[in-house]
Amino acid sequence: MQVGILGLKYAGKTTLFNVTTGAGLPVGQGGVDPHRAMGLVPDPRVDLLSDLYKPKRTVHVQIEWVDVPGFEPGPEHDGAREATRFLEHARRVDALAQVVRCFDGGYGPPDPAGELATVGLELILADLQIVEKRLEKLQKEMRLKNKIEQPLEPGLFERFKTHLEGEHPLRELELNADERRTIAGYSLLTLKPMIVVLNHAEGEEPDSDAVAAANEAGAEVLSLCASVEAELSELDPADAAEFLADLGVAEPAAHRMIRAAYGALDLHSFFTVGPDECRAWTVRRGALAPTAAGAIHSDLERGFIRAEVCAYDDLVAHGDHSAAKAAGKVRLEGKGYEVKDGDIIEIRFNV
Ligand SMILES: Nc1nc2c(ncn2[C@@H]2O[C@H](COP(=O)(O)OP(=O)(O)O)[C@@H](O)[C@H]2O)c(=O)[nH]1
Ligand SMILES: [Mg+2]
């Protein structure tokens with residue numbers, strides 16, 4: 001599962017990529033190469049479980065980040081080439097995180113709403129191109145064979161075309177499960193989940209016009225100062241904690257941002273605990289217990305009998321697993337159980 005960090009040049013994409021992955025790349029280069037790396041999804045719940053169990057190992061979930069080359073709308077032909085490059089990379093990721101420059105930083109007065117509109121329009125035009133091509137193919141198919149293999153497609157793509165021509169992202173549309181299945185293979189950009197990261201100068205407030213514009217595009221909005229987050233991520237944990245305490249916040253803004261991106265991928269976490277290892281695992285929302293077991297090991301899925309489940313909040317409220325059990329908060333669940341975010345699970349299996 002990949003999240004693409006995209007936006008205009010000098011918006012702070014590589015700075016943010018360094019924060020999410022610890023890659024330590026040079027910033028301010030306006031480089032055109034994509035970078036990719038895995039990064040931890042910080043989860044205070046895992047840390048607390050780790051404090052409780054003192055395991056030999058603590059393991060967080062990881063997701064992959066792609067630092068997509070920046071888009072700079074310059075002279076027409078150059079702009080077009082840059083657009084192609086950034087669109088190609090955006091096409092291959094599962095969710096988008098657009099970074100918007102709200103600081104000056106010597107790059108000129110920021111224009112967050114304008115940046116959102118520029119990038120948003122590129123994504124819309126790219127989708128429109130795909131939709132129009134597909135409609136032409138469908139018309140040809142109709143002429144030659146007098147029938148259409150995917151009967152849902154013509155109506156759906158006509159609807160998409162109208163919507164995109166109105167300069168609206170497709171994520172605004174309500175689609176049913178059949179429609180989603182029909183278009184799953186087209187990697188339409190404006191259907192991908194998107195979060196918007198408003199990148200501020202230190203100590204500045206979110207820009208209300210930018211927030212409104214991002215909300216309108218159907219995106220989740222977060223504000224942070226990427227360069228402060230970068231400094232913070234380089235401190236050792238004790239110094240970082242002290243720094244945050246001075247600011248009166250519980251955790252770095254980047255942690256919330258990473259979790260928002262993780263959530264946008266439609267993923268959530270369950271935990272396993274014990275003296276050897278406390279660990280967060282990832283499953284799609286809606287996944288059933290045997291799938292969760294399979295995330296740990298294929299044997300656990302194959303030989304799945306039951307899952308012993310305790311909600312994270314219940315465990316914390318009662319202090320430990322045996323107290324939670326005594327209070328009736330540990331359940332035995334079968335194959336049809338839908339795993340919830342924060343479930344602490346032990347799989348019973350037999351192979
Ligand atoms: N003042 C300020 N500067 C930032 C911030 N985020 C990034 N920068 C600086 O802006 C420049 C461009 O950042 P970079 O991450 O390379 O942008 P990219 O082109 O989008 O990858 C660098 O010099 C960063 O140090 C921020 O939040 N505030
Ligand atoms: Mg960069």
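Remember, predicted model here, so these are calculated numbers, not experimental data.

### Examining the overall build of the chain
Stage number 1. On a plain count of helices and strands, the chain comes out with 14 helices and twelve strands.
Stage number 2. When its C-alpha atoms are laid out on the principal axes, the chain stretches across 65 × 60 × 30 Å.
Stage number 3. Relative to its 351 residues, the chain shows a buried fraction of 44%.
Stage number 4. Look at the contacts in the chain between residues 6 or more apart in sequence, and 66% of them connect residues 24 or more apart.
Stage number 5. For the chain, the computed accessible surface area is about 17700 Å², with 50% contributed by carbon and sulfur atoms.
Stage number 6. A gap of 10 Å separates the mean positions of the 38 positive and 58 negative side-chain charges of the chain.

### A closer look at the domain arrangement of the chain
Stage number 1. Domain parsing of the chain yields domain 1 (2-41 + 61-113 + 191-264), domain 2 (116-190) and domain 3 (286-349).
Stage number 2. When each unit is reduced to the centre of its C-alpha atoms, the spacing between domain 2 and domain 3 is 41 Å.

### Here's the deal with the nonpolar core
Most often, soluble globular proteins keep nonpolar side chains buried together rather than apart.
Stage number 1. One finds W65, I195 and M257 to be the most contacted residues of the largest nonpolar core, which totals 36 residues.
Stage number 2. Per-element accounting of this core gives the leading share, six residues, to helix α10 (residues 253-264).
Stage number 3. Two domains each donate at least three residues to this core, and these are domain 1 (2-41 + 61-113 + 191-264) and domain 3 (286-349).

### Points about the packing of helix α1 (residues 13-21) against helix α8 (residues 226-234)
Stage number 1. Interaxial distance between α1 and α8 falls to 9 Å at its minimum, and their mutual angle equals 30°. One way to sum up the angle between α1 and α8 is to call them roughly parallel. Of the two elements, α1 crosses α8, and the hand of that crossing is left-handed. Residues T15, L16 and V19 of α1 lie in contact with α8, whose contacting residues are A226, S227, E229, A230 and S233.
Stage number 2. In terms of residue class, the contact of α1 with α8 is made up of four nonpolar, three polar and one charged.

### Focus: the side chain of T14
Stage number 1. In this structure, T14 sits in helix α1.
Stage number 2. Looking at T14, its side chain comes within polar contact range of the side chain of D67, at 2.7 Å.
Stage number 3. When neighbours within four sequence positions are excluded, T14 is seen to be in contact with L25, P26, V27 and D67.

### Some points on a positive patch on the surface
Stage number 1. There is a patch of like positive charges on the surface, built from K133, K137, K140 and R143.
Stage number 2. Along the chain, K137 falls in helix α4 (residues 112-145).
Stage number 3. Overall, the relative accessible area of 57% leaves K137 in the exposed class.

### A look at the packing of aromatic side chains
Stage number 1. Scanning the entire structure with this criterion turns up five aromatic pairs.
Stage number 2. Centre to centre, the rings of Y10 and Y107 are 4.5 Å apart; their planes meet at 15°, and the pair counts as stacked. Here the residue Y10 occupies a position in the loop between β1 (2-6) and α1, and Y107 occupies one in the loop between β5 (95-101) and α4, the gap between them amounting to 97 residues.
Stage number 3. The exposure class assigned to Y10 is partly exposed, which follows from its relative accessible area of 32%.
Stage number 4. For Y107, a relative accessible area of 37% translates into the label partly exposed.
Stage number 5. Relative to F86, the ring of F71 has its centre 5.1 Å away and its plane inclined at 25°; by these criteria the two rings are stacked. Within this pair, whereas F71 is found in the loop between β4 (62-67) and α3 (76-92), its partner F86 is found in helix α3, the two being separated by 15 residues in sequence.

Parameters at a glance
Residues numbered from 1 in each chain as written. Chains lettered and ligands numbered in written order. Predicted model: local features only at pLDDT ≥ 70, side-chain atom pairs only at ≥ 80, totals over all residues. Heavy atoms only, no water. Helix = DSSP H or I, 4+ residues; strand = E, 2+ residues; numbered from the N terminus. Buried < 20%, exposed > 50% of the residue type's maximum accessible area, 1.4 Å probe, protein only. Contact = heavy atoms within 4.5 Å. Areas by Shrake-Rupley, 256 points an atom, 1.4 Å probe, with all protein chains shown as cover. Lys, Arg positive; Asp, Glu negative; His and termini not counted. Charge placed at Lys NZ, Arg CZ, Asp CG, Glu CD. Domains from an automatic or database assignment. Core = buried A, V, L, I, M, F, W, Y, C linked by side-chain atoms within 4.5 Å. Axes fitted to C-alpha atoms, helices over the stretch in contact; angles between N-to-C directions. Parallel < 35°, antiparallel > 145°, perpendicular 65-115°, else oblique. Left-handed = near helix turned anticlockwise from the far one by under 90°. Nonpolar A, V, L, I, M, F, W, Y, C, P; charged D, E, K, R; others polar. Polar contact = N/O pair within 3.5 Å; in protein donor to acceptor, adjacent residues only side chain to side chain. Patch = residues over 30% accessible without salt bridge, like charges linked within 9 Å, V, L, I, M, F, W, Y side chains within 5 Å. Salt bridge = Lys/Arg side-chain N within 4 Å of Asp/Glu carboxyl O. Phe/Tyr/Trp six-rings, centres within 6.5 Å; stacked < 30°, edge-to-face > 60°.

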